[in-house]
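# Descriptive analysis of the structure
Below are the chains, spelled out letter by letter.
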Amino acid sequence: MFEASVYKNRRKELKERVWEGLILLPGNGDASSNYPANAYRFRQDSSFLYFFGLNMPGFAGVLDVDSGKEYLFGNDVDIDDIIWMGPQPKVKELGARVGITHTRPFAKLTELLKEAIAAGRKIHFLPPYRYRNMQLLEDLLGIHHAVLKQYASLELVQAVVSLRSVKEACEIEEITRACNIGYEMHTAAMKNCRPGVKEQYVAGLIEGIANSYGSMVSFPVILSQNGETLHNHDHSQILQKGRLMLTDAGAEAVSVYCSDFTRTVPVGGKFSTRQKDIYNIVLRCNNRALEVARPGVTYLSVHLEVCKVLAQGLKELGLMKGDTDAAISAGAHALFLPHGLGHMMGLDVHDMEDLGQIHVGYDEEIRPVPQFGTASLRMGRRLAPGFVVTDEPGCYFIPALIDQWRQQGLHKEFLNYDKIETFKDFGGIRLEDDVLITEDGCRLLGDKRVPITVKEVEDFMG
Ligand code: GLY
């Protein structure tokens, strides 16, 4: 938890960005796994956490924009809870820790909102994503859960996005902490990437590293020899010499700020020439993004610049052909890179994605591009100092996609299908770093960069 002044400032800024009415920010509750008392590990709602700082279930916050009053709703624990959970701070004390003086039992939330609704006041809320909170909002506001999203406040979404997009120094410290855990996870994966080891062993090991810091992973570990499957959560294979292992994983610090890295390494520690050729193209892509990302530049243009480096490299290897710019305009490169360069990162690994990607990664000036590949770019808008984005180019050989495009004769003026055919057993490579946009450029986050050049990886694994 940060100092109370951090949360007070954020709430003040939020109230200034919303015209009138009440802002309702429910926190998350516990979610049951297989019976009511067996809950998944608790994860707080990131916007509630951002403005109210309390990382525990059972709270809601309300900001009255017109009177300026700030409320925290939650229940003090009773003796039964104390028997099972130990002594817990009173809600009043928790409120004081984050600068709130008006604390109330949770049931009083209904009263406050009923009065506001009766007075015809606007209630702003964010699009809910958990059924418990949908049910709560339906009960409080009388809006059927199926249509709640339509009634979410765009004004509030835009205000929250404008604040959470620009990370404060204390947030960068926390993201750095998460990156340092990510460093340990990825170097442990490299050390254990040996022929005969099961993928699941490595995946479990690195998840345990996150957990050993009191944290959890920022999303389920992606780890596979079949790196061409972009989000591969199947860890059932035994690692085989000569193949590549792609690991896409990150940690949440105790504060739940995230990291997200991807490395692709050779099982057994040595890249083949063919692997090195593709790997170095992807590395050039990653480094190119670092050269061009700076305030004022759109991340869409950084993505397209990276696609150019990829297409140029593949042309040199004989996998692509024709004019590079024309190939990019046509979208031919997306056979190899069917996803975007990156996304915002912060309290969520895909920061604020619950608020709607269109509001987080795009704006009135920069609109999403519908073309296959670029359509998957989560972050396209102009960069500004304090933004944290991922830089995650890749190159994949997806047999089903190659077959489909070939059958359709798609982009055959730019794609050398006979040569591509010989790469169907290659898998995929992705190299991902976390990047802070600074006043005049950008910098990598984390105290040390996870080994990334061919030499660094081979030396480290050796
Ligand atoms: N690193 C996983 C993702 O960005 O979806």
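Below you will find a few notes about this structure. Just so it is clear, the structure is predicted and the values come from calculations on it, not from any experiment. (Residues numbered from 1 in each chain as written. Predicted model: local features only at pLDDT ≥ 70, side-chain atom pairs only at ≥ 80, totals over all residues. Heavy atoms only, no water.)

Attention shifts here to the sheet that holds strand β14 (residues 433-437). Taken in spatial order, the 3 strands line up as β11-β14-β15 in an open sheet, and their pairing is antiparallel. The outermost strands of the open sheet, each flanked by one partner alone, are β11 (388-391) and β15 (442-444). Pairwise comparison of adjacent strand axes, ignoring direction, gives a mean angle of 35 degrees for this sheet. Relative to β14, β11 runs antiparallel, the two being bridged by 4 bridges. Directly across from Thr390, in β14, lies its bridge partner Asp434. Packing against the sheet, helix α11 (residues 273-292) makes contact with β11, β14 and β15, and its axis sits at approximately 150 degrees to β11. (Pairing = 2+ DSSP bridges. Helix = DSSP H or I, 4+ residues; strand = E, 2+ residues; numbered from the N terminus. Axes fitted to C-alpha atoms, helices over the stretch in contact; angles between N-to-C directions. Contact = heavy atoms within 4.5 Å.)

A separate point is the pairing of β14. Of all 5 residues making up β14, 5 are buried, and the element is well covered by its neighbours. A two-sided burial pattern is seen for β14, the buried positions comprising Asp433, Val435 and Ile437 on one face and Asp434 and Leu436 on the other. Where β14 and β15 come together, 3 bridges link them in antiparallel fashion. Bridge pairing links Ile437 to Cys442 in β15. Taken together, β14 and the strand that follows it, β15, pair antiparallel across an intervening segment of 4 residues. (Buried < 20%, exposed > 50% of the residue type's maximum accessible area, 1.4 Å probe, protein only.)

A separate point is the pairing of strand β2 (residues 60-64). Burial analysis of β2 places 5 of its 5 residues in the buried class, the great majority of the element. With burial as the criterion, each face of β2 is covered, one bearing Ala60, Val62 and Asp64 and the other bearing Gly61 and Leu63. The pairing of strand β1 (residues 22-26) with β2 spans 5 bridges and is classified as antiparallel. Looking across to β2, one finds that Leu22 is bridged to Asp64. One ladder, built from 4 bridges, connects β2 with strand β3 (residues 70-73); its direction is antiparallel. Across the sheet, the residue bridging to Gly61 is Leu72, located in β3. Where β2 hands over to β3, the hairpin turn is made up of 5 residues, of which Gly68 adopts a positive phi near 85 degrees.

With respect to the helices and strands, His186 occurs in helix α9 (residues 169-191). Once residues within four sequence positions are removed from consideration, His186 is found in contact with Thr247, Asp248, Ala249, Phe261, Thr262, Arg263 and Val450.

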